[in-house]
Amino acid sequence: MSAARQNPFNTVAAHAALLIYTLIALFPVFVIVINSFKSRRAIFREPLALPDAESFSLIGYQTVLKQGDFFLYFQNSLIVTVGSLFFILLFGAMAAFALAEYRFRGNTLMGLYLALGIMIPIRIGTVAILEMMVQTGLVNTLWALILVYTAQGLPLAVFIMSEFMRQVSDDLKDAGRIDGLSEYRIFFRLVLPLVRPAMATVAVFNMIPIWNDLWFPLILAPAEEVKTLTLGSQVFIGQFVTDWNAVLSALSLAILPVMVLYVIFSRQLIRGLTSGAVK
Amino acid sequence: MRKHENSPRFRWHIVVFLAPAVLVYTAVMIYPLFNTLRLSFFAEVDQQRVFVGLQNFHRLFGDAIWSNQFWNALGNNLWFFLIHMLVQNPIGIALAAILSHSRLRFAAFYRSAIFIPTILSFVIVGFAWKLILSPIWGIAPGMLDAVGLNSLYAPWLGKEEYALTTLSLVSVWQFVGIPMMLIYAALLSIPEEILEAAEVEGITGLSAFWKIKLPLILPSIGIISILTFVANFNAFDLIYAAQGALAGPDFSTDILGTFLYRTFFGFQLQLGDPHMGSAIASAMFLIILLGVCLYLFGIQSRMRRYQF
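All figures in this text were calculated on a predicted structure; none of them were measured in a lab.

**Student:** Please explain the overall build of chain B as it appears in this structure.
**Tutor:** Helix and strand counts for chain B come out as 13 helices and 2 strands. For chain B, the spread of C-alpha atoms along the principal axes amounts to about 80 × 80 × 30 Å. Taken across its 308 residues, chain B has 39% of its residues classed as buried. Long-range pairs, those at least 24 residues apart, make up 66% of the contacts in chain B between residues at least 6 apart in sequence.

**Student:** Explain the overall build of chain A to me, please; I cannot follow it from the model alone.
**Tutor:** The helix and strand tally for chain A stands at 14 helices and 0 strands. Put simply, chain A runs from its N terminus to its C terminus through helices and strands in the order α-α-α-α-α-α-α-α-α-α-α-α-α-α. In terms of overall dimensions, chain A is more spread out than a globule: its C-alpha atoms have a radius of gyration of 24 Å, far above the 19 Å expected for 279 residues. The principal-axis extent of the C-alpha atoms belonging to chain A is close to 75 × 70 × 35 Å. Relative to its 279 residues, chain A shows a buried fraction of 45%. If you take every contact in chain A between residues at least 6 apart in sequence, the share linking residues at least 24 apart comes to 76%.

**Student:** Help me out: how do you make sense of unusual backbone geometry in this one?
**Tutor:** Most peptide bonds adopt trans geometry, and most residues besides glycine take a negative phi value. Residues and elements named next belong to chain B. The amide bond that connects Gly248 to the next residue, Pro249, takes the cis arrangement and shows omega of -10 degrees. Turning to its location among the elements, Pro249 is positioned in the loop between α11 (237-243) and α12 (256-265). Of note, the phi angle at Gln47 is positive, near 60 degrees, even though the residue is not glycine. Within the secondary structure layout, Gln47 lies in the loop between β1 (42-45) and β2 (48-51). Take Gln47: there are 5 C-beta atoms within 10 Å of it, and that puts it in the exposed class. Of note, Ala247 is a non-glycine position whose phi angle comes to about 50 degrees, a positive value. Structurally, Ala247 can be placed in the loop between α11 and α12. We classify Ala247 as buried; it has 27 C-beta atoms within 10 Å.

**Student:** Would you explain the UniProt feature "transmembrane region" (unreviewed entry) in chain B in this entry?
**Tutor:** Residues and elements named next belong to chain B. Under the UniProt annotation, "transmembrane region" (unreviewed entry) lies at residues 12-34, 78-99, 108-129, 166-187, 216-239 and 277-297. Between the C-alpha atoms that bound residues 166-187 there is a distance of 31 Å. The span itself is 95% helix and 0% strand. Within residues 277-297, the helical portion is 100% and the strand portion 0%, while the C-alpha atoms at the span's ends are 30 Å from each other.

**Student:** Explain the packing of helix α4 (residues 59-67) of chain A against helix α14 (residues 244-274) of chain A here, please?
**Tutor:** Think of two packed helices as two axes; the pair is described by the angle between the axes and how far apart they sit. All names here are of chain A. Look at α4 against α14: their axes get within 7 Å of each other, and the N-to-C directions meet at 75 degrees. Taken together, α4 and α14 sit at an angle that is classed as roughly perpendicular. Taken together, the residues of α14 that come into contact with α4 (itself represented by Ile59, Gly60, Tyr61, Thr63 and Val64) are Asn245, Ala246, Leu248, Ser249, Ala250 and Leu253.

**Student:** Is there a simple way to think about the UniProt feature "transmembrane region" (unreviewed entry) in chain A in this case?
**Tutor:** Under the feature "transmembrane region" (unreviewed entry), the UniProt entry names residues 12-34, 78-100, 112-130, 142-165, 186-208 and 246-265 of chain A. Note that residues 246-265 of chain A is 100% helix and 0% strand, and that its end C-alpha atoms are spaced 29 Å apart.

**Student:** Mind showing me how you'd approach the environment of Arg40 of chain A here?
**Tutor:** Residues and elements named next belong to chain A. Along the chain, Arg40 falls in helix α3 (residues 40-45). Accessibility expressed as a C-beta count within 10 Å gives 16 for Arg40, which makes it partly exposed. Distance in space between the C-alpha atoms of Arg40 and Leu89 is 46 Å, their sequence separation being 49 residues. Every residue in contact with Arg40, bar those within four places of it in the chain, is listed here: Trp244 and Asn245.

**Student:** Teacher, can you tell me more about the pairing of β1 of chain B here?
**Tutor:** In regular strands, side chains alternate between the two faces of the sheet. Residue and element names in this part refer to chain B. Two strands pair when backbone bridges link them, and β1 and β2 are joined in this way by 4 bridges, in the antiparallel orientation. In the sheet register, Val45 faces β2, and the bridge partner there is Gln48. From the end of β1 to the start of β2, which pair antiparallel, there are 2 residues, and Asp46 there has a positive phi angle of about 50 degrees.

**Student:** What's the story with the interface of chain B and chain A in this structure? I'm lost.
**Tutor:** Accessible area lost during the coming together of the parts is what is often quoted as the interface size. Between chain B and chain A, the residue contacts involve 73 residues of the former and 75 residues of the latter. For the side of chain B that touches chain A, the element with the highest residue contribution is helix α1 (residues 12-39) of chain B, accounting for 16 residues. For the side of chain B that touches chain A, a count of residues per class yields 51 nonpolar, 14 polar and 8 charged.

**Student:** What exactly am I supposed to notice about the domain arrangement of chain B here?
**Tutor:** All names here are of chain B. On domain assignment, one finds that chain B holds domain 1 (12-51) and domain 2 (60-302). For domain 1 and domain 2, the distance between their C-alpha centres works out to 31 Å. Between domain 1 and domain 2, the contact holds 7 residues from the first and 7 residues from the second. When contributions to the side of domain 1 that touches domain 2 are tallied by element, the ones reaching two or more residues are α1 and β1. Its residues assigned to classes, the side of domain 1 that touches domain 2 comprises 4 nonpolar, 2 polar and 1 charged.

**Student:** Explain the environment of Phe265 of chain B to me, please; I cannot follow it from the model alone.
**Tutor:** Considering the arrangement of structural elements, one finds Phe265 of chain B in helix α12. Discounting chain neighbours no more than four positions away, the residues touching Phe265 of chain B are Ile219 of chain A together with Gly272 of chain B.

Rules used throughout
- Residues numbered from 1 in each chain as written.
- Chains lettered and ligands numbered in written order.
- Predicted model: local features only at pLDDT ≥ 70, side-chain atom pairs only at ≥ 80, totals over all residues.
- Helix = DSSP H or I, 4+ residues; strand = E, 2+ residues; numbered from the N terminus.
- Buried ≥ 20, exposed ≤ 12 C-beta atoms within 10 Å, placed from the backbone.
- Contact = placed C-beta atoms within 7 Å.
- Rg over C-alpha atoms; globule rule 2.2 N^0.38 Å.
- UniProt positions renumbered as here; feature names shortened; annotations may be inferred.
- Axes fitted to C-alpha atoms, helices over the stretch in contact; angles between N-to-C directions.
- Parallel < 35°, antiparallel > 145°, perpendicular 65-115°, else oblique.
- Pairing = 2+ DSSP bridges.
- Nonpolar A, V, L, I, M, F, W, Y, C, P; charged D, E, K, R; others polar.
- Domains from an automatic or database assignment.

The structure is reproduced here in structure tokens:
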């Protein structure tokens, strides 16, 4: 039937094109990781060679783990990311439920108001955000970051989840109401479990930008004890710019957690991106 | 059926459901946004905040020290955006078109691998490319040497005329995965019957792409364009990670995000000025608003959407 679409020459060309682009995409990561396991001389003499018995060295990792507080940074990033996701999902789902379930005056207007933030980046308001965080004493705390990322993530979260909540059957909710469940119980017991796929999509969309952000940690929480992993590695690499072993090891250590997250969540992420959630 | 529609009682639960999101969103996003716009009409005189009307904007556009920086940053930002539109999005569309071929093996593998740079932080991407392109390490010159193009090598990130283009291409490398995924999704949603009908008419291969698939995915291309625009006009991290806040060499990679950062936060000898920073942020806000409105009213409303 579709002979033209199965043409062997086309298939080979398609694989060749994709393979070349895959190599381009992975090459820098590969070079960084293999060289982080080599001695300084081997890094410069044969940058593309795999580490062998002679050139293998962990000196870079030793420097990084001795000098930088990478575990603290990692912990901070984890708290900020998980905390922000928790509030985005909880508050976002509650607001989405209110907009999708009840008819009240100002419903459409409220929906539009919350959707404004999808297109306008929160960074524009940074000057006033910093001022506010200084006034409230939240500057250099992880709460400052959690609040900012929650506000940033809510618009898209409400949008995606309210689309999903409109599809939850009314009969189910009405049955709950006849059984005397309160509106809160209907939301937490009946609706929330049914929109888990939408929550996963929202979580995965928000996770990586929050983890990788440099702007707000740099401005709102630059102090040593609240540095995130992204800011921490930026500062560390800046200081050790001539120690190539340390820089390459720090880069590899920064790649590691994101890659682990990606391996765990890539199916969710790709499903979310391709399910038309952003249409 | 919404049973509570005509309930005479005030429905407190609606308030409870809406309040946390609306409060956080208003307090941390909307209020600071407008407060920043307001602050752009103030200045600090004798450690007092006083209203100065449009004076900050007069300085930003009238005073050569400021206006040169502003137009330089805006021009660089436009070039940054142009390269994304001309390189990132076509490559993304091409990759998606190849991936969406039915019965292509390993499609999931390619898709996941090509998306990897997108999940890495700007710090990793910026430094990794800085090292690879560095004349000291010699990976880039070594590879060009291997194919006999040694003469083409230059320390791209260190030369004023190449640095911005190089960084734009690095950013393209990082984000190609996003248009790829969105277009891939759009291509998969085209029903098989349409393609089969075209095949019966003798339209296959490339001409099927140009004549049938491309018109059908135009709305998705529109969305990608506006997403690229908004992301590019508040970009900051990659330039900062690779070139620092001074966006060297000699401000040749300065974009609006780095200009805003230097102005309001201060850097090295320059003291931070939140009011001039607010003026720049307001200009960025207007630029982004203009782009979004142009898209919503000029492009999206005229585009035909096909329902399958």
